[in-house]
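# Residue-level structural notes
Listed here are the chains, written in short residue letters.
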Number of protein chains: 2
Amino acid sequence: MTTVFDTNVQTLEEQIRSVLQNQPDIPLDQIFKQAHPADIADVLERLSAKQIWKLFLKLELDQGAAVLHELGREATRRIFREMTDEDIAPYLNAMPMDEVADILGHDVPWRQETLLAAMRPAEAREVRDLIGYPPDSAGRLMTEKFVRLPRQMRVEEVLDYLRQVDSEVETLTDLYILDDNGTLLGIVSLREIITASDQRIHVQDIMATDLITVTPETDQEDAALLVARYDFLALPVVSEAGRLLGIITVDDIIDVLTYEDTEDIMRYAAVGDSGMMDQPYFTIPIWRFVKARIGWLLILFLGQTLTGSVLRTFATELETIVTLSFFIPLLIGTGGNTGAQIVSTVIRGVALRHIQLRDTLKVMARELLSGLLLGGILGAVGIVYALVWGQVDFRFALVVGLTVLVVCTWSNAVGAVIPLIARRLNIDPAVVSAPMISTVVDASGLLIYMLIAKTLLIAI
Amino acid sequence: MTTVFDTNVQTLEEQIRSVLQNQPDIPLDQIFKQAHPADIADVLERLSAKQIWKLFLKLELDQGAAVLHELGREATRRIFREMTDEDIAPYLNAMPMDEVADILGHDVPWRQETLLAAMRPAEAREVRDLIGYPPDSAGRLMTEKFVRLPRQMRVEEVLDYLRQVDSEVETLTDLYILDDNGTLLGIVSLREIITASDQRIHVQDIMATDLITVTPETDQEDAALLVARYDFLALPVVSEAGRLLGIITVDDIIDVLTYEDTEDIMRYAAVGDSGMMDQPYFTIPIWRFVKARIGWLLILFLGQTLTGSVLRTFATELETIVTLSFFIPLLIGTGGNTGAQIVSTVIRGVALRHIQLRDTLKVMARELLSGLLLGGILGAVGIVYALVWGQVDFRFALVVGLTVLVVCTWSNAVGAVIPLIARRLNIDPAVVSAPMISTVVDASGLLIYMLIAKTLLIAI
């Protein structure tokens, strides 16, 4: 399972390490010249603070800016720590401004003002605008550098116009037609310009006007889903009044999708500060990682103590029939596994918009049925297991089988409904984690087990 | 949390349902004209088999093809069931061939041959080529319709050439320069063509030649990671000999990323047939969903029975000190939670290529330390809890605290290393699920608990 870029990065790392040991096979500038910024960033992430900075300074300005774009938070901080604001500013001026906003807003917020003061005024102003939008919003991701066409421009004039466009404009694929106030009127693709049969007509005569747009306050995840759904290469961001403020390009959208999926998976595993987990694993200091995890572990620990309370209530039963305790981990474990399966299914269904809020009852009905079917099969296996391995009598085996049936159905319903309730309360359903469902199911599952046992084995 | 397209889809569904009830506010053709294929598909998914087909036939050919492109497996099957091969073929001819290959290969494999026979020969041949590549490979995703330029073409000639290009060519953004044998020599962007200062030079003089390519056999996930990493809009697929076979466009890559993330999350939750889970939730028949889940649940159930064996071995101790059993769910639950956290972290780190195979020992060292820190904190809480709530003596509380410490460290190390071992064995690490780690940790955690208890409480 070694891929093209595993090899790229590994070769590059070996080359760079040989430079650091003063035994270079290839001179450093040549190594850098042949390497992609994303690969260089990957290697830098794996080096010590001092080495990162030393190597970073050897990069030419443009490549340095591109590498900075790719680096994670910790590595960026390490480099910035060694440099003055005036040293850093030229790199920032050369980067896409949405990326600069991300660095100043998230990575080194304490140097935001002094760095902005050191940047070129026009760039600094753009960054200030972007930082003004909420975190994780579409506004934070957009670039102001796109192609604006006046509505009266003739198709034949467009290509000449494009030749003079700023080289920092990220894409020429979609061209935006604005009125004098900057209101977005329509979009025309470069392809339509080239293939238009009549080159004398105005761009407004061939532009598309049924546009899908977002506002700067739109959540970045929703913006990403729009792009994924409608196969856009760029998404326009407009103000309430319809002014085109910027566009979000598809490469940023892919980053958002990756980030959001990481966040969802980490939350699902009950890791706090899940956004941080997007940083490369080895660059996260151990204490920060422990801090991100301990919160949920403590909450879950306290939740789990309920199981102790349930069991103590039934101390007499457990003392009388010690065999009861042998089945405890099996029964609650099976409930937890069933719950883990369904909670991820529902969370994913919500994330992909296959499940809507109004479907709550339909989901519950479906999952009650699923739970009964799964519980029925597992319960039958449970009875056989209790009889054969547990060497218990049939009445006891029935307790085991019935508990599996009820616990599976219960945990399947709970696991399906809790994420939807979370969403109804405007909480991201992904904060409902598998361990959380396990904890809920453990305590309630024990209660179910003990009550069934007490009812059926009461004669003893 | 209602987004643009939640509203779009809901309005569209209401409009379409009013048509189905013969009380349309707006005629159907007008509804369809204003709607995006992805939205129409979403509404169709929610209707009955008969309604889907009836409505589908009302779509114009091109829009029907676009809707078919967006539909999930079940809905596609429902429509096809009602139509002859000859009725379906025109829609297939109008679709991108990678999508047709997907439908014929995955959705209705039993009609593959007859449908191919009904299609136009050129299209059928292309589909046959694509189906020949392994499932989930780059070859399956590519389109043969891209712009080929001869190396000697002058820059000024390119625009005229593009005007004659087949309208089915998906992108004009990247143009591919081939030699007479079809070998890929370089890539030039349309932007470079337009902004080239000298319009008389040959395209081979401005083309980029340090290309990143994949072969048709490359795993689709690796292809997607390349595009995400290097911000491509299209990725060339070449044969071993260097012939350009096709390109993969970024919209297909986004679909792959979404599919792979769904698969990873489902596997992590121990749901089998995880690829199927990409289908819209409500279109998956309940029995199929139960089938996808029962396999792992049974395996885990059998794995869990180990816990019973461990406990039975210590029957005397449990009988003597019934209080021991009160702490069982808490102790193994905490181990399971710790394991769930770390296994997702490592799986995600591997998926994003932040963790390489050669890092196994480094990961283990880090996670032993993390586990000790987490276990230390939780263990201290455990001692207090046992003393205060459990009202046990200090020696017993020490058993609880020590068990938490050891179980956390153990499950953290196990959860970190097992995915890496899986990868070393060329198994996708994502098949290592949280429930699997829980099950491993449950049985071994009980053993740890009982051994510590026996050692420290031996006097009794």
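All figures in this text were calculated on a predicted structure; none of them were measured in a lab.

How each quantity is defined
Residues numbered from 1 in each chain as written. Chains lettered and ligands numbered in written order. Predicted model: local features only at pLDDT ≥ 70, side-chain atom pairs only at ≥ 80, totals over all residues. Heavy atoms only, no water. Helix = DSSP H or I, 4+ residues; strand = E, 2+ residues; numbered from the N terminus. Rg over C-alpha atoms; globule rule 2.2 N^0.38 Å. Buried < 20%, exposed > 50% of the residue type's maximum accessible area, 1.4 Å probe, protein only. Contact = heavy atoms within 4.5 Å. Areas by Shrake-Rupley, 256 points an atom, 1.4 Å probe, with all protein chains shown as cover. Lys, Arg positive; Asp, Glu negative; His and termini not counted. Charge placed at Lys NZ, Arg CZ, Asp CG, Glu CD. Arc of directions from axis to C-beta. Least-squares fit on C-alpha atoms with pLDDT ≥ 70 in both. Domains from an automatic or database assignment. Axes fitted to C-alpha atoms, helices over the stretch in contact; angles between N-to-C directions. Parallel < 35°, antiparallel > 145°, perpendicular 65-115°, else oblique. Nonpolar A, V, L, I, M, F, W, Y, C, P; charged D, E, K, R; others polar. Right-handed = clockwise from strand over helix to strand, strands pointing away. Pairing = 2+ DSSP bridges. Core = buried A, V, L, I, M, F, W, Y, C linked by side-chain atoms within 4.5 Å.

Regarding its fold elements, chain A presents 22 helices and 5 strands. Relative to the globule expectation of 23 Å for 460 residues, the C-alpha radius of gyration of chain A, 29 Å, shows a markedly less compact shape. Out of the 460 residues in chain A, the part that is buried amounts to 61%. Long-range pairs, those at least 24 residues apart, make up 67% of the contacts in chain A with a sequence separation of at least 6. Accessible area for chain A stands at about 18,100 Å²; split by element, carbon and sulfur atoms hold 56% of it. The centroid of the 38 positive side-chain charges in chain A is displaced by 5 Å from the centroid of its 61 negative side-chain charges.

Every buried residue belonging to helix α12 (residues 155-163) of chain A is among Val155, Val158, Leu159 and Leu162 of chain A, and all of these are buried. For α12 of chain A, the arc enclosing every buried residue in end-on projection is 95°, short of the 170-degree limit, so these residues lie on one face. The inward-facing, buried residues of α12 of chain A abut β1 (148-150), β2 (174-178) and α13 (190-195) of chain A together with α12 (155-163) and α13 (190-195) of chain B.

Rotating chain A by 180° and moving it 0.0 Å along the rotation axis overlays it on chain B with an RMSD of 0.1 Å. Taken together, the turn and the small shift mark the pair as related by a two-fold rotation axis. Comparing interface residues between copies, 100% of those in chain A also lie at the interface in chain B; the contact surface is shared.

Moving on, we get to the domain arrangement of chain A. Note: interface size is frequently given as the accessible area lost on complex formation between the parts. With domains assigned, chain A is organised as domain 1 (4-136), domain 2 (148-250) and domain 3 (285-456). For domain 1 of chain A and domain 3 of chain A, the distance between their C-alpha centroids amounts to 47 Å.

A pair of packed helices is characterised by two quantities: the angle between their axes and the separation of those axes. Residue and element names in this part refer to chain B. Following both chains from N to C, one finds helix α5 (residues 61-70) and helix α7 (residues 85-93) inclined at 80°, their axes separated by 8 Å at the closest point. For the element pair α5 / α7, the angle class is roughly perpendicular. Contacts between α5 and α7 involve Leu61, Gly64, Ala65 and Leu68 on the former and, on the latter, Pro90, Tyr91 and Leu92. Residue composition of the contact of α5 with α7, by class: 6 nonpolar, 1 polar and no charged.

When a strand is regular, its side chains alternate between the sheet's two faces. Residues and elements named next belong to chain B. Extensive coverage of strand β2 (residues 174-178) is indicated by the burial of 5 of its 5 residues. The alternating pattern of β2 places Asp174, Tyr176 and Leu178 and Leu175 and Ile177 on opposite faces, both of which are buried. Taken together, strand β1 (residues 148-150), α12 and β2 form a β-α-β motif whose crossover is right-handed. Pairing between β2 and strand β3 (residues 184-189): 5 bridges, direction antiparallel. The partner of isoleucine 177 across the bridge, within β3, is glycine 186. Here β2 folds back onto β3 in antiparallel fashion, the turn holding 5 residues, of which glycine 182 has a positive phi close to 85°.

Among the secondary structure elements, isoleucine 342 of chain A is positioned in helix α19 (residues 328-351). Residue isoleucine 342 of chain A is classed as buried on the basis of its relative accessible area, which comes to 0%. C-alpha of isoleucine 342 of chain A to C-alpha of leucine 190 of chain A: the two residues are 152 residues apart in sequence and 46 Å apart in space. Not counting chain neighbours up to four residues away, the residues in contact with isoleucine 342 of chain A comprise Glu367, Ser411, Asn412, Gly415 and Ala416 of chain A together with Phe289 and Arg293 of chain B.

Relative to the elements of secondary structure, glycine 333 of chain B occurs in helix α19 (residues 328-351). For the pair formed by glycine 333 of chain B and glutamate 126 of chain B, sequence separation is 207 residues and the distance between their alpha carbons is 54 Å.

Grouped together as the largest cluster of nonpolar side chains are 131 residues, with contacts concentrated most on Phe327, Phe396 and Tyr449 of chain A together with Phe327, Phe396 and Tyr449 of chain B. Those residues in contact with phenylalanine 396 of chain A, other than ones at most four positions away along the chain, are Ile321, Thr323, Leu324, Phe327, Tyr449 and Leu457 of chain A. Core analysis: the next-biggest nonpolar cluster, separate from the first, contains 130 residues, Met95 and Leu104 of chain A together with Ile103 and Val108 of chain B among them.

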